[in-house]
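Coordinates in review
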Amino acid sequence: MIGSVNHRKVFEQLFRENYARLCYHAFSFLNDEEDSRDAVNDVFEKVWINFEKIEQTQSLVPFLYTLVRNHCVSLLRHRKVEERFTKESRLKEEAAIEEYMEYELLLERLYGSIEKLPAQTKVVFRKCFLDGKKYQEAADELSISINTVKTHINKALQVLREEYSDTSLMLMIFFSKK
């Protein structure tokens, strides 16, 4: 074991003599000066914390090179994980934006189709599907029978089914009902 009296001087000398070369060694892995300096600093910090435990049976320089290499490889693995996560997040965000835009277009298309319905059918359909009212509530508000409400709803749905063969728009109608 390194004596506790002079371990600070030995460490300082080890640091001064090897810091620049270890930074260059780290740069050969990381291709970034700041990351290389950070990696070497991390290694020296770990060595300092455990300096009294390190046996000095042989030179510490190869040991430092190994520590720096291992730390750089670990950082590169971490970078790769971060890049993959960033890419996946970006793809998910783009998909969500695209899905939202498709939803907005479908909704706009639906509202356009509703506007083309006959006046009374449009009013009944809006009350029941867009305002979330029950058939009886719509009938009471419009002073018509519940069977008339059902007739208008069936008429509206028939027109919309004929206009839209794709199921996505019809599903939106049913899921928008509260």
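Residues numbered from 1 in each chain as written. Predicted model: local features only at pLDDT ≥ 70, side-chain atom pairs only at ≥ 80, totals over all residues. Heavy atoms only, no water.

A separate point is the environment of Leu 14. Tracing the chain through its elements places Leu 14 in helix 1 (residues 7-30). With relative accessibility at 10%, the residue Leu 14 sits in the buried group. Between the alpha carbons of Leu 14 and Val 61 there is a distance of 8.0 Å; along the sequence they are 47 residues apart. What Leu 14 contacts, discounting residues up to four positions off in sequence, is Phe 44, Phe 51, Leu 60, Val 61 and Leu 64. (Helix = DSSP H or I, 4+ residues; strand = E, 2+ residues; numbered from the N terminus. Buried < 20%, exposed > 50% of the residue type's maximum accessible area, 1.4 Å probe, protein only. Contact = heavy atoms within 4.5 Å.)

Counted by the stated rule, this structure contains six aromatic pairs. On the basis of an interplanar angle of 80° and a centroid distance of 5.4 Å, the ring pair of Phe 11 and Phe 51 is categorised as edge-to-face. One end of the pair, Phe 11, is in helix 1; the other, Phe 51, is in the loop between helix 2 (33-49) and helix 3 (60-115), with 40 residues separating them in the sequence. By the burial criterion, Phe 11 is buried, and Phe 51 matches it. For the pair Phe 125 and Phe 129, a centre-to-centre distance of 4.6 Å together with 20° between the ring planes defines the contact as stacked. Placement of the pair is Phe 125 and Phe 129 together in helix 4 (residues 119-130), with a separation of four residues, close to one helical turn. For the pair Phe 125 and Phe 129, one class covers both residues: buried. Among the aromatic side chains, those forming a connected cluster through ring pairs are Phe 11, Phe 15, Tyr 19, Phe 44, Trp 48 and Phe 51. (Phe/Tyr/Trp six-rings, centres within 6.5 Å; stacked < 30°, edge-to-face > 60°.)

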